[in-house]
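The primary structure of each chain is shown beneath.
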Amino acid sequence: MAIRHGRGVAAINYPTGMNLGGDPSQALVHSTPTGNFMVTLSSVDLGQGLKQIMAQICAETIGVSTEQVIVDTADTDTGPHCMGTFASRGTHRIGNAVIQAANEARQVMLEVAAEALEVDASDLDTDGKGNIQVKGAPQKSVSIFDTALMAHFKYGRSISGRGMFLVPRSFPETETGAMKPSTCYAHACTVADVEVDDETGEVTVTSVKNVFEIGRALNPKMVEQQLVGGSWMGISHTLYETTEPYYPAREHGATDFNQYLMPGPGDLADTEIVVLERPAADGPYGAKGPGEMCANPQIPAVANAIFDAIGVRIDTLPITPERILRALKAQAGEAPR
Amino acid sequence: MPKVPIQLVLNGEERAEFVDSGATLLKVIRDKLGDTSPKGGCHQGTCGACSVEIDGELKLSCLVLAETCGGADVSTVSSLSSDGVLHPLQRAFMENFAAQCGFCTPGMIMAAKSLLDRIPDPTRDDVIEAISGNICRCTGYEPIIQAILTAARANSLTAA
């Protein structure tokens, strides 16, 4: 009876979004009369920060500060249709729709400013500080605040834009069966170190080192936050969480937090995160979807580390002490009880 | 259902209310007294999201009957900031990105406050012990642990 050590590695490709019948999202952007910008979505922020990211994307595209953008989400009565927040698709799909809507709104805004300044709209640019100015002649400028007021009260223009992003459905090729289920893939690799107590079957993940390739990190701190939490959840799925411990038998399923196990603050693996940024060609400012992907590579990595430690493959999740002990008994040639 | 009159102090303010006999303090704080900062996660004392202080002691408000709180001094996370000035713990949670969905945050901060009131200079193990009754599903706990340790350090600098 001993503590056995193991190390496991796993690498994954992870699609951004899904492709059942096409994967669309829409966004609408309009200015208030005083030059703030409203992004109207039916997409929902689950706490991962969708609103913040959409505000950043809209602000960057129009050329205003993030504080000038208001994001209205999660109302399917008032917002244009979105497939939803799932499949790691939010930043990529909705972000692309927001860029299109914001570009259209920006174009109207520049046309109004052009009329006010008596110049051509193509000669105008935003200064990032709330003004629109003639390229190369910044003294000839008008504020976005005044532009929005004039659009509404003087020129009768609606500074607004419509955005639509659709990844069309891909059908399998009849000859080969090949298809393109996603246009954009994030990647990850995890190295996990474990200790397995071969007497109790208990597994301790001592260290987990993750490298994530997520396109461009539009908000690096929020990306880090999501990846650290995701890494924890990956370990939780590997070793603890299930509502169906003896599936398909329904007995002994957890019904509350007393029975549904998750690692607490005292059970944390030493966690390391490295982010690689390789901007995606079709991503909003290069972003991919890190959402679901961040909780996946830990699972095969820890399973491989357990194999390295005790020499048996466990192919059912979660890898509980019971499953470890049964596997060890089977390995020793004892009849499983 | 018979109504029971209770009087208590909530976040420094005298409050009086008729409550359902058997109603939990959590339900009364949220539905009757209008402070929705304590959250109802499990309603059985296993998630910690409803943590409040009653007479200076950390309690799970989903397990306390409101009618037992007559004359008590109850504090929720709403009591920690005043006039927009955040408590050092709230600031530390923000600066350490220790919240994502935010549902556990009020309970986490109350658990952390209770810890720092008892032990102003806690070790990492003290922090882990203090929040071990609070479930977080988003952060992986590490940013929360770091936030509490940061707030403790900030406090000790102010005190010195």
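*Asks:* An account of the overall build of chain B is requested, with residue identities and associated values reported.
*Replies:* From N to C terminus, chain B includes 5 helices and 5 strands. Along chain B, helices and strands appear, N-terminal first, in the series β-β-α-β-β-β-α-α-α-α. Against the 2.2 N^0.38 benchmark of 15 Å for 160 residues, chain B shows a C-alpha radius of gyration of 16 Å, consistent with a compact globule.

*Asks:* So what's going on with the confidence of the model for chain B? Residues and values would help.
*Replies:* Low-pLDDT stretches of the model should not have their predicted coordinates read in fine detail. Per-chain confidence: chain B averages 95 in pLDDT, with 98% of residues scoring 70 or above. On the interface metric, ipTM, the complex scores 0.90, and its pTM is 0.92.

*Asks:* Account for the sheet that holds strand S4 (residues 57-60) of chain B, with residues named and values stated.
*Replies:* Residue and element names in this part refer to chain B. Strand order in the open sheet formed by 5 strands is S2-S1-S5-S3-S4, with mixed pairing between adjacent strands. Among the strands making up the open sheet, the edge pair consists of strand S2 (13-20) and S4. Going from strand to strand, the sheet's axes swing by 40° on average, the running direction of each strand aside. By the bridge criterion, 2 bridges tie strand S3 (residues 51-54) to strand S5 (residues 73-75) in an arrangement that is antiparallel. Following the sheet pairing, Glu 53 is matched in S5 by Ser 75. Packed onto the sheet, helix H3 (residues 105-118) meets S3 and S4 and runs at close to 40° relative to S3.

*Asks:* How would you summarise helix H4 (residues 220-239) of chain A if you had to cite specific residues and measurements?
*Replies:* Between the first and last C-alpha of H4 of chain A there are 29 Å, a value that for 20 residues agrees with the 28 Å anticipated at 1.5 Å per step. Most of H4 of chain A is tucked away, with 15 of its 20 residues classed as buried.

*Asks:* Explain H3 of chain B to me, and be specific about the residues and the numbers.
*Replies:* An ideal rise of 1.5 Å per residue puts 20 Å on 14 residues; H3 of chain B measures up with 20 Å between its terminal C-alpha atoms. Here H3 of chain B lies mainly inside the structure; 11 of its 14 residues are buried.

*Asks:* Now, about the interface of chain A and chain B: what can you tell me, with residues and values included?
*Replies:* Between chain A and chain B, the residue contacts involve 18 residues of the former and 19 residues of the latter. The leading source of residues in the side of chain A that touches chain B is H4 of chain A, at 6 residues. By residue class, the composition of the side of chain A that touches chain B is 7 nonpolar, 9 polar and 2 charged.

*Asks:* Which residues make up unusual backbone geometry, and what values do they have?
*Replies:* All names here are of chain A. Going from Tyr 247 to Pro 248, the amide bond is cis rather than trans, its omega being 10°. With respect to the helices and strands, the residue Pro 248 is situated in the loop between H4 and strand S11 (270-276). Cis geometry marks the peptide bond from Leu 317 to Pro 318; its omega dihedral reads -10°. Residue position: Pro 318 is located in the loop between helix H5 (298-310) and helix H6 (321-331).

*Asks:* So what about the environment of Leu 218 of chain A? Which residues, and what values?
*Replies:* Residue and element names in this part refer to chain A. Looking at the secondary structure, you find Leu 218 in the loop between strand S10 (203-213) and H4. For Leu 218, a count of 22 C-beta atoms within 10 Å corresponds to the buried category. Residues Leu 218 and Gln 56, spaced 162 residues apart in sequence, show a C-alpha to C-alpha distance of 8.1 Å.

*Asks:* Can you lay out the domain arrangement of chain A for me, pointing to particular residues and giving the numbers?
*Replies:* All names here are of chain A. Taken domain by domain, chain A comprises domain 1 (3-16 + 183-331) and domain 2 (23-167). With centres defined by C-alpha atoms, the gap from domain 1 to domain 2 works out at 39 Å. Counting from both sides, the interface comprises 18 residues of domain 1 and, opposite them, 16 residues of domain 2.

*Asks:* Which residues make up the packing of H4 of chain A against H5 of chain A, and what values go with them?
*Replies:* All names here are of chain A. It is the contact of H4 with H5, at a shortest axis distance of 8 Å, that shows an interaxial angle of 50°. In terms of their interaxial angle, H4 and H5 are classed as oblique. Our pair here, H4 against H5, has a crossing hand that is right-handed. Residues Ser 231, Gly 234, Ile 235, His 237 and Thr 238 of H4 pack against Gln 298, Ile 299, Val 302 and Ala 303 of H5. The residue inventory of the contact of H4 with H5, partitioned by class, reads 4 nonpolar, 5 polar and no charged.

*Asks:* An account of the nonpolar core is requested, with residue identities and associated values reported.
*Replies:* All names here are of chain A. Grouped together as the largest cluster of nonpolar side chains are 122 residues, with contacts concentrated most on Met 54, Cys 58 and Val 98. No other element matches the 12 residues that helix H2 (residues 90-117) contributes to this core. Excluding its chain neighbours within four sequence positions, the residues that come into contact with Met 54 are Val 39, Leu 41, Val 71, Ile 94, Gly 95 and Val 98.

Conventions adopted
Starting afresh in each chain, residues are numbered from 1 along the sequence in its written order. Naming scheme: in the order in which they are written, chains are lettered from A and ligands are numbered from 1. In keeping with the model being predicted, local features are shown solely for residues with a pLDDT of at least 70 and side-chain atom pairs are shown and tallied solely at 80 or more, while totals for entire chains, interfaces and linings include all residues. Only DSSP runs of H or I covering at least 4 residues are called helices, and only runs of E covering at least 2 are called strands; the numbering of each starts at the N terminus. Only C-alpha atoms enter the radius of gyration; for comparison, a globular chain is expected to reach 2.2 Å times N to the power 0.38, where N is the number of residues. The predictor attaches a confidence to each residue, and that confidence, scored 0 to 100, is pLDDT. DSSP-based pairing: two strands are paired if at least 2 bridges between them are found. Between the N-to-C directions of two axes lies an angle of 0 to 180 degrees, each axis being a line fitted to C-alpha atoms and, for a helix, fitted only over the stretch in contact. We call two residues in contact when the distance between their C-beta atoms, placed using the backbone, is within 7 Å. The span you would expect from a helix comes to 1.5 Å times its residue count less one. The exposure label follows from counting other C-beta atoms within 10 Å of a residue's C-beta, where the C-beta atoms are placed from the backbone and the thresholds are 20 or more for buried and 12 or fewer for exposed, leaving partly exposed in between. Side-chain classes are defined by residue name, with Ala, Val, Leu, Ile, Met, Phe, Trp, Tyr, Cys and Pro counting as nonpolar, Asp, Glu, Lys and Arg as charged, and the others, Gly among them, as polar. Delimitation of the domains relies on an automatic or database domain assignment. Here the angle decides the label: under 35 degrees means roughly parallel, over 145 means roughly antiparallel, 65 to 115 means roughly perpendicular, and every other value means oblique. By definition, any crossing whose near helix is turned counterclockwise from its far helix by less than a right angle is left-handed, and any crossing with a clockwise turn is right-handed. By convention in this section, buried Ala, Val, Leu, Ile, Met, Phe, Trp, Tyr and Cys residues joined through C-beta atoms within 7 Å make up a nonpolar core.

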